[in-house]
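Tertiary structure, described
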Amino acid sequence: MFSTYKRNYPKVIECNGRITIPAYQRGYVWSEHEWEDFYNDILNIIKLDYKPHFMGTILLKTNSGIFEIVDGQQRLITLTLFLFAFRDVYHSLKFNYIENILKNRIILNDKDNVYESIFRKVYNRGQRTINNSESKNIETAYQFFKKKFENKNLFNQVTTDFNMLRVLNKLFFVIITIDNETNPYLIFETLNARGIDLNISDLVKNYLLDLAKSDEELSTFITSEWKQFMGDYQSEQFENIFQSYYKSSNNRKKLLKEITGNVVEKVDIEGFLEGLGRYVFWYKKLSDVSNIVWEGDARWINNVRIIKSYKNSHLFKVLLIPILNYFPKKLRISAFNFIESLIFRYVVICQKDENKLLEKFYFLAKQITDKSVDTMTKFRTELSEFIIDDEEFKYSFAYRSIEYSREKPDQTVRYILYKLENYITNSNYIIGTSNASVEHIEPNSSIQYNLVYRLGNYTLLSKEDNENASNKDFVTKKADFYENNQFGLTYSSANSAIKSLTSYNFWNFENIKTRQFEMAEVALKVWSL
């Protein structure tokens, strides 16, 4: 069974006995971003006159009088390193209050023994070679906090043992303890359903390693495979990939319950890792535009460039991975084109519920994998409720604004302009490689609020022309940069679907609206369904 209670940090450390981190848990991975957030939390406690601060949930498993951390180790390690740094900077103080907390620190065995060396005050930075990534991270975090204390960044208030205790007493956790017979992963499923954000991929890895703890060869295999899956992905990115894999394969919301129920033997573990590995391979491939990866297939290389230009690239991959594996080969390009137009209309222009569409994509991915959806007719039918009709799409496009600036260079704007340009001039400008940049025809937002970001106020110029045009007035830019320009969106013949900018004598709100309606008419053909 399990019990739940609230404790501040000193009571967590002093009252729970020794807290250890099992060998199968992931290493210390927090980085400067999380350290800075943690440090700011401490600053806020002091700013608000020692107001209590909630630090999150810690899940502990009792095992023969020892408490093993199932979740929450990153926060507790960070807190401990924070205290090590405080102690070492203020080494001349007498530590009456913090001493027991330091003695009862969580037990962590990093491979290069940096954590324990820092605790015992025998760590010598210049005489140590650190090869293990976790050990390096521990050392870097410790130095980060030392520098903060040396710079007196805590408003010169936390310079005594007692003042630090005041801070620690205001750091509160919700502690969940479970016995050795309780499945911690089902507890996590319950917490997740109640809105507590948890990293399921880490829990699954730990579950697999727990199953394999008596088989060293299998444990090594799991660790090696998982490291390869992670690659350069950040934890949050890999979590999205992992959940996509399982939801696309099983259409289950309670992932942990399913996995812990179905993966119990060595053969189950190997099969699970093989399926996950195949999914990660395709996920990475759909982010790679190299000729080698796609064996020179120019169409799919261009498709990947399109995917990368979307903020919602994850949506594409959820459906494209099963399509590239199970859909008839002759239909794959058609399926991609349909997905592109569907996402563009539904999410980008009409700004409908992306999560609702994603859930449908998960369901459809399973149907494609099962081969119950294997034709374009069935594919379209399954997605019919998400198809935006031409009238709604045209109207929404005609009034859509998307911010593009040097500070926020939204690639969606560039993508839209490239697609329109290619259609009206029958060109083949490649997204992400061509020498074209986004030009604000009227850069002065004072013409009317938000008009500068209306799609009708964007065009294409070469990078050099765009830099030279800068914030010049419309008449000057028309004569010096728009006349005879290489891009049809900027300079075109009299019968072009989108009128040449040189045909306008001035630039105002009405002209922006007129041009955007022309662009909307073309958009109906470019993103047809």
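Residues numbered from 1 in each chain as written. Predicted model: local features only at pLDDT ≥ 70, side-chain atom pairs only at ≥ 80, totals over all residues. Heavy atoms only, no water.

Overview of the packing of aromatic side chains
Counted only if it meets this: Only rings of Phe, Tyr and Trp enter the pairing, Trp through its six-membered ring, and a pair is recorded when the two centres are within 6.5 Å. The plane angle decides the type: under 30 degrees is stacked, over 60 is edge-to-face, the rest tilted. Helix and strand definitions here come from DSSP, where helices need a minimum of 4 consecutive H or I residues and strands a minimum of 2 consecutive E residues; each element is numbered from the N-terminal end. Only protein chains enter the accessibility calculation, which uses a 1.4 Å probe; a residue whose area is less than 20% of its type maximum is buried, one above 50% is exposed, and one in between is partly exposed.
Enumeration according to the criterion identifies 44 aromatic pairs in this entry. Where Phe344 meets Phe393, the ring centres are 6.1 Å apart and the plane angle is 70°; that geometry is what we call edge-to-face. One end of the pair, Phe344, is in helix α17 (residues 332-349); the other, Phe393, is in helix α20 (residues 390-398), and 49 residues separate them in sequence. Note on Phe344: relative accessible area 0%, which makes it buried.

Topic: helix α15 (residues 298-308)
Where we set the bar: Note on contacts: a residue pair qualifies if any of its non-hydrogen atoms lie within 4.5 Å across the two residues. Pairs of N or O atoms are called polar contacts if they sit within 3.5 Å, as long as, within protein, a hydrogen donor faces a hydrogen acceptor (for residues adjacent in sequence, only side-chain-to-side-chain pairs).
For α15, the set of buried residues is Trp300, Ile301, Asn303, Val304, Ile306 and Ile307. The inward-facing, buried residues of α15 abut α13 (266-285), α14 (291-294), α16 (313-326), α17 and α21 (411-425). N-cap assignment for α15: the residue whose side-chain oxygen lies 3.2 Å from the backbone N of Arg299 is Asp297.

Topic: the pattern of salt bridges
Defined as follows: The rule for a salt bridge is simple: a side-chain nitrogen of Lys or Arg has to be within 4 Å of a carboxyl oxygen of Asp or Glu.
Under the criterion given, the structure shown has 13 salt bridges. Lys513 is the salt-bridge partner of Glu510, the closest N and O atoms lying 3.6 Å from each other. Of the two residues, Glu510 and Lys513 are both situated in helix α24 (residues 509-526); the distance of 3 residues between them amounts to about one turn of the helix. By relative accessible area, which is 45% here, Glu510 ends up partly exposed. Classification of Lys513 as partly exposed rests on a relative accessible area of 22%.

So, unusual backbone geometry
Within the chain, Gln351 stands out as a residue other than glycine whose phi angle is a positive 55°. Examined against the element boundaries, Gln351 turns out to sit in the loop between α17 and α18 (354-369). For Asn426, which is not glycine, the phi dihedral falls at a positive 55°. When you line up the elements, Asn426 lands in the loop between α21 and β6 (437-440). Asn426 sits in the exposed class, given a relative accessible area of 72%.

Overview of the packing of helix α9 (residues 200-211) against helix α10 (residues 216-230)
The condition that has to hold: Convention adopted: a line fitted to C-alpha atoms gives each axis, helices being fitted over their contacting stretch, and angles between N-to-C directions are expressed from 0 to 180 degrees. Any angle from 65 to 115 degrees is called roughly perpendicular, while one under 35 is roughly parallel, one over 145 is roughly antiparallel, and all others are oblique. In this classification, Asp, Glu, Lys and Arg are treated as charged, Ala, Val, Leu, Ile, Met, Phe, Trp, Tyr, Cys and Pro as nonpolar, and every other residue, Gly included, as polar.
Contact geometry for α9 and α10: axes closest at 9 Å, N-to-C directions at 160°. Classified by the angle their axes make, α9 and α10 are roughly antiparallel. Each of Ser201, Val204, Lys205, Leu208 and Leu209 in α9 lies in contact with α10, whose residues at this interface are Ser219, Ile222, Thr223 and Trp226. Broken down by class, the residue content of the contact of α9 with α10 amounts to 5 nonpolar, 3 polar and 1 charged.

A few points about the packing of helix α3 (residues 73-89) against helix α7 (residues 161-168)
Which entries qualify depends on this criterion: Note on convention: near helix rotated counterclockwise from far helix by under a right angle means a left-handed crossing. Clockwise means right-handed.
The N-to-C vectors of α3 and α7 enclose an angle of 165°; their axes lie 12 Å apart at closest approach. Regarding the angle of α3 to α7, the classification is roughly antiparallel. Crossing geometry of α3 relative to α7 is assigned as right-handed. Touching Leu79, Phe82, Leu83 and Phe86 of α3 are Asp161, Met164 and Leu168, all from α7. Across the contact of α3 with α7, the residue classes tally to 6 nonpolar, no polar and 1 charged.

Overview of the pairing of strand β3 (residues 53-63)
The side chains of a regular strand alternate, residue by residue, between the two faces of the sheet. Put simply, the rule is: What makes two strands pair is DSSP finding at least two bridges between them.
In the sheet, β3 pairs with strand β5 (residues 171-178) via 7 bridges, with the strands oriented parallel. Looking at the pairing, His53 lines up with Leu171 of β5. Where β3 lies against strand β4 (residues 66-71), 5 bridges are found, and the strand directions are antiparallel. Paired with Leu60 across the bridge in β4 is Ile69.

Comments concerning α16
Our working definition: Take the residue count of a helix, subtract one, and multiply by 1.5 Å to get its expected span. Bend at a given residue is defined as the angle between two axes, one fitted to the seven residues that end at that position and one fitted to the seven that begin there.
With 14 residues, α16 ought to run about 20 Å at 1.5 Å a step, and its terminal C-alpha atoms sit 20 Å apart, in line with that. Along α16, the helix axis deviates most sharply at Leu319, where the bend reaches about 30°; the proline Pro322 sits within four residues downstream. The buried count for α16 comes to 12 of 14 residues, which makes it a mostly enclosed element. Among all positions of α16, only Ser313, His314, Leu315, Phe316, Lys317, Val318, Leu319, Leu320, Ile321, Pro322, Ile323 and Leu324 are buried.

So, the side chain of Asn457
Relative to the elements of secondary structure, Asn457 occurs in the loop between β6 and β7 (458-461). Taking the relative accessible area as the measure of exposure, Asn457 reaches 0% and is therefore buried. Here Val452 takes part through its backbone oxygen, which lies 3.1 Å from a polar atom of the side chain of Asn457. Contacts of Asn457, omitting those with residues within four sequence positions, involve Glu439, His440, Ile441, Glu442, Leu451, Val452, Trp507 and Ile512.

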